[in-house]
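Residue-level structural notes
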Amino acid sequence: MKKVVFGLLLNIMAASFVAGSTHQPSNGSDINAFWVKFRSAVTKGDKPAVLAMSQLPIQMGYGQSPLRTRAQFMKKYNYIFAGEVNAVKCFETAKTRVDKGKTKEFYVTCPFAQNGGGDEPFVYTFKLTRSGWRFVSFENINE
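These lines cover the structure that appears in this document, whether it is placed above or below. Computed from a predicted model, the values in this text were never measured in an experiment.

Remarks on the sheet that holds strand E2 (residues 105–110)
The strand order across the open sheet formed by four strands is E1-E4-E3-E2, and the pairing between neighbours is mixed. Bordering the open sheet on either side are strand E1 (54–59) and E2, each of which pairs with just one other strand. On average, each strand axis in the sheet is inclined to that of its neighbour by 20°, with strand direction left out of account. With two bridges joining them, E1 and strand E4 (residues 132–140) adopt parallel strand pairing. Note that in E4 the partner of Ser54 across the bridge is Phe135. Strands in contact with helix H4 (residues 70–82) are E1, strand E3 (122–129) and E4; relative to E4, the strand with the most contacts, it is inclined by about 60°.

Right, dumping it as structure tokens:
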């Protein structure tokens, strides 16, 4: 009897492990945990940490070439996070948003740094990859 119960427990544990290791769409807490880390890295100006949470190439929106290398990312960092947009200030209150049907993607929008209100044309997009959540795109939808 003990062998049967022990065998059943092993089978249940193995099934749970296998089920847990499949690549299921992430839940909101996964998004939130990633977002807290990403926001913190941007707030601290920790460029290497932000890059580590990104996936190259990073798409840059209409008419701009994607960022394919570390050097390109570092050169454009201020444009992405501190140019026309003040990501540090925006990220303090920004809410993550998920489009219906796109459970492996979320985004955050921000206003212009100067006027700060109204429109939020700057869009930061994140995708769930094999390596976890990653920053994949920055776009000014007004351009």
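From this point, things continue past the structure.
A closer look at the packing of aromatic side chains
Using the criterion set out here, one finds 23 aromatic pairs in the structure. Ring centres 4.8 Å apart and planes at 65° place the aromatic pair Trp35 and Phe91 in the edge-to-face group. On the criterion of sequence distance, the pair formed by Trp35 in helix H2 (residues 28–44) and Phe91 in helix H5 (residues 87–93) is long-range, its members being 56 residues apart. Each member of the pair Trp35 and Phe91 is classed as buried. Ring geometry for Tyr79 against Phe138: centres 5.9 Å apart, planes inclined by 85°, an arrangement best described as edge-to-face. With Tyr79 in helix H4 and Phe138 in strand E4, this pair connects stretches of sequence that are 59 residues apart. Since its relative accessible area comes to 28%, Tyr79 is described here as partly exposed. Overall, Phe138 belongs to the buried group, its relative accessible area being 2%. A cation sits over an aromatic face here: Lys76 above Tyr79, 4.9 Å from the ring centre.

Thoughts on the pattern of salt bridges
Scanning the entire structure with this criterion turns up two salt bridges. One salt bridge in this structure joins Arg97 and Glu120, with 3.6 Å as the shortest N-O distance. With Arg97 in the loop between H5 and E2 and Glu120 in the loop between E2 and E3, the pair connects residues that are 23 residues apart, well separated along the chain. As a salt-bridge pair, Glu105 and Lys127 come within 3.9 Å of each other at their nearest N and O atoms. Placement of the pair is Glu105 in strand E2 and Lys127 in strand E3, with a sequence separation of 22 residues. On the basis of relative accessible area, Lys127 is assigned to the partly exposed category, the value being 38%.

What counts as what
- Residues numbered from 1 in each chain as written.
- Predicted model: local features only at pLDDT ≥ 70, side-chain atom pairs only at ≥ 80, totals over all residues.
- Heavy atoms only, no water.
- Pairing = 2+ DSSP bridges.
- Helix = DSSP H or I, 4+ residues; strand = E, 2+ residues; numbered from the N terminus.
- Axes fitted to C-alpha atoms, helices over the stretch in contact; angles between N-to-C directions.
- Contact = heavy atoms within 4.5 Å.
- Phe/Tyr/Trp six-rings, centres within 6.5 Å; stacked < 30°, edge-to-face > 60°.
- Buried < 20%, exposed > 50% of the residue type's maximum accessible area, 1.4 Å probe, protein only.
- Lys NZ or Arg CZ within 6 Å of the ring centre and 35° of its normal.
- Salt bridge = Lys/Arg side-chain N within 4 Å of Asp/Glu carboxyl O.

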